[in-house]
Amino acid sequence: MNRKPKPISPPMSPPPLPSIPNSQSHKTLTPISLMARKSSLLKQTLIVLALFILAVYAFVNTFFSPPVAADADPAFNKLSQQNSNIEFKSSKVKVYMYNLPRKFTYGIIEQHSMARGGLVGPVADVSMLKYPGHQHMGEWYVFSDLSRPESERVGSPVVKVTDPGEADLFFVPVFSSLSLVVNVGGPAAAHRYSDEEMQEELVEWLEQQEYWRRNNGRDHVIIAGDPNAMLRVMDRIKNAVLLVSDFGRLRVDQGSLVKDVVIPYSHRINTYTGDPRVDNRNTLLFFMGNRYRKEGGKIRDLLFNILETEEDVVIKHGTQSRESRRAATQGMHTSKFCLNPAGDTPSACRLFDAIVSLCVPVIVSDSIELPFEDVIDYRKIAVFVETSAAIKPGFLISTLRAVTPDRILEYQRELKKVQRYFIYDHPNGAVNEIWREVSQKLPLIKIMINRDKRLVRRESSEPVCSSLCTNQSGLITSL
């Protein structure tokens, strides 16, 4: 059934706009309307005036008022300085030093003296014991640093704490390098001291300590300056931060640049205190040390054969003695270059003797690792020569003869700048630099501690990501 469509309604027209009043309408405004308009104008005027006054005040205060003196309120400044110091101290890494049983510290000094007839037995007052000087006595200086009152440790990158519960790191002050040489050079009669027994007893003591067990020793610091120090128990302490002279005796899963710190040997000759000069150094190249070494040190004998007939080269066999140190001091202080071949391991003490003598080191050791390389560019203070090139007849000497006096002076000036890094009794020397590098390990230590807690144990044959192989590339720095 068809339906008719409904008609569509036309669109509604918009409502008419209000009419704008003409001039005639204004003339007829009521008094009330006029009062409202005047009130609005008054408010606007007052707001503009207030903003103008504020702008003028700000301008005058900024450009014409005298600045507040920095010392206007001494009490406030003192409080601010105290707060600054507190914040600075709190940011330092906190180190706790174990109070080890006597036999691991002063007891080793006693044993060393008794083996040489200096003592007949232990002494009551350990303060009378003098640590014997030798090339690895850095362990004594680090121990002495933490033994001083905190007020005397000015400039140290770490702060000593007496409560182990507050500590970030734990220092184990064993004299491991001195222990190695207790029986060396003593009387023929056997002396009843065993370095291996000492190592075993130390680790047994550590493994009983709550804080060692807590993180498997990862937050502990142990100094093993001599390449042979602590080797018997290295697998049991390898998680710790090791302070080592090099990695020549350590496997890559025991020591690495990532977790450990390379420290300098203690120099055994007098520091050169004069200004950089060339005219008073008449010898081109100097070396005095043991000619016959093992492993990488075999290069020494080859270099002796090549160099000992050269006219302005002094190269001679010498051992550790007072007379040898006196002769070495004279030789290094009067030579332009000092030869530094590898010892039984890649590093040797004469490198650090050369540095404090301002005698430009000539390093012939392809796998050497060096202290404080994050702040020292060794290319500015030393000449590196690849071993295979150094043993070519004539190569080393012709290379050194080509170096100009001005270039040698540049080397000496750079050596002068970094001398303090290699002087253990300098107030801002080797000890502070060691602690600086140790403190930089803390973030990694925390990572490894947390990883240990959540990782499923791997097979021992699997590689670990926490080590970095030592230098095997033989990097060369040319002149």
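Quantities reported herein were computed from a predicted structural model and do not represent experimental measurements.

When its secondary structure is counted, the protein chain shows 17 helices and 11 strands. Going through the 479 residues of the protein chain one by one, you find that 44% of them count as buried. Contacts in the protein chain between residues at least 24 apart in sequence constitute 70% of all its contacts with a sequence separation of at least 6. About 27,300 Å² of surface is accessible on the protein chain, with carbon and sulfur atoms providing 56% of the total.

Spatially, β2-β1-β3-β4-β5-β6 is the arrangement adopted by the six strands of the open sheet, whose pairing is parallel. Both edges of this open sheet fall to β2 (158–160) and β6 (261–262), since each of them pairs with a single strand only.

The next point concerns the sheet that holds strand β10 (residues 360–364). With parallel pairing, five strands are arranged side by side in an open sheet as β8-β7-β9-β10-β11. Of all the strands in the sheet, just β8 (313–317) and β11 (383–384) have a single pairing partner and so form its edges. Relative to β8, strand β7 (residues 283–289) runs parallel, the two being bridged by five bridges. Residue pairing across strands places leucine 285 opposite valine 313, the latter belonging to β8. Across the face of the sheet, helix α11 (residues 322–333) comes into contact with β7 and β9 (335–341) while running at roughly 160° to β7.

This part covers the nonpolar core. Core analysis: the biggest nonpolar cluster contains 116 residues, and Leu285, Phe337, Leu339 and Phe422 have the highest contact counts within it. In this view, phenylalanine 337 contacts Leu284, Leu285, Phe286, Cys359, Val360, Val362, Val383, Leu400, Val403 and Ile408; residues no more than four positions away in its chain are not counted. Counting residues in hydrophobic clusters, the runner-up holds eight residues, among them Ile269, Met332, Cys338 and Cys359.

Attention now goes to helix α4 (residues 106–115). A large share of α4 lies buried, amounting to eight of its 10 residues. Tyr106, Gly107, Ile108, Ile109, Glu110, His112, Met114 and Ala115 are the residues of α4 that are buried. Next to the buried residues of α4 lie α5 (138–147), α6 (176–180) and α7 (195–206).

Tracing the sequence through the fold places leucine 206 in helix α7. The exposure class assigned to leucine 206 is buried, which follows from its relative accessible area of 1%. Sequence separation of leucine 206 and glycine 217 is 11 residues, and the distance between their C-alpha atoms is 8.7 Å. In this structure leucine 206 touches Tyr98, Val172, Trp212 and Ile222, once residues within four positions along its chain are discounted.

Counted by the stated rule, this structure contains 25 salt bridges. Glutamate 410 is the partner of arginine 407 in a salt bridge, and the nearest nitrogen-oxygen pair spans 3.3 Å. With arginine 407 and glutamate 410 both in helix α15 (residues 405–418), this residue pair falls three residues apart, about one helical turn. In this structure, arginine 436 engages glutamate 437 in a salt bridge whose closest nitrogen and oxygen atoms are separated by 3.8 Å. In terms of burial, arginine 436 and glutamate 437 fall into one category: buried. Among the charged side chains, a network of salt bridges with common partners joins Glu196, Glu200, Glu207, Arg232 and Arg236.

Moving on: the environment of glutamate 437. One can find glutamate 437 in helix α16 (residues 430–439). Placed 174 residues apart in sequence, glutamate 437 and isoleucine 263 show a C-alpha to C-alpha distance of 9.7 Å. If sequence neighbours within four positions are ignored, glutamate 437 has contacts with Val261, Phe372, Glu373 and Asp374.

Turning our attention to the state of the cysteines. As enumerated under the stated definition, the model contains one disulfide in all. Paired by a disulfide, cysteine 338 and cysteine 359 hold their sulfur atoms 2.1 Å apart. Because the torsion about its S-S bond is 105°, the bridge between cysteine 338 and cysteine 359 counts as right-handed. With cysteine 338 in strand β9 and cysteine 359 in the loop between α12 (350–356) and β10, this pair connects stretches of sequence that are 21 residues apart. For cysteine 338, a relative accessible area of 0% corresponds to the buried category. Among the residues examined, cysteine 359 registers a relative accessible area of 0% and is labelled buried.

Our focus in this paragraph is the packing of aromatic side chains. Counted by the stated rule, this structure contains 19 aromatic pairs. Centre to centre, the rings of phenylalanine 171 and tryptophan 435 are 5.7 Å apart; their planes meet at 75°, and the pair counts as edge-to-face. Pair noted here: phenylalanine 171 is in strand β3 (residues 169–172) and tryptophan 435 is in helix α16, with a separation of 264 residues, a long-range link. Judged by relative accessible area, phenylalanine 171 falls into the buried class, the value being 0%. Through successive ring pairs, a cluster of aromatic residues spans Tyr96, Tyr98, Phe170, Trp205 and Tyr211.

Rules behind the numbers
- Residues numbered from 1 in each chain as written.
- Predicted model: local features only at pLDDT ≥ 70, side-chain atom pairs only at ≥ 80, totals over all residues.
- Heavy atoms only, no water.
- Helix = DSSP H or I, 4+ residues; strand = E, 2+ residues; numbered from the N terminus.
- Buried < 20%, exposed > 50% of the residue type's maximum accessible area, 1.4 Å probe, protein only.
- Contact = heavy atoms within 4.5 Å.
- Areas by Shrake-Rupley, 256 points an atom, 1.4 Å probe, with all protein chains shown as cover.
- Pairing = 2+ DSSP bridges.
- Axes fitted to C-alpha atoms, helices over the stretch in contact; angles between N-to-C directions.
- Core = buried A, V, L, I, M, F, W, Y, C linked by side-chain atoms within 4.5 Å.
- Salt bridge = Lys/Arg side-chain N within 4 Å of Asp/Glu carboxyl O.
- Disulfide = S-S within 2.5 Å.
- Phe/Tyr/Trp six-rings, centres within 6.5 Å; stacked < 30°, edge-to-face > 60°.

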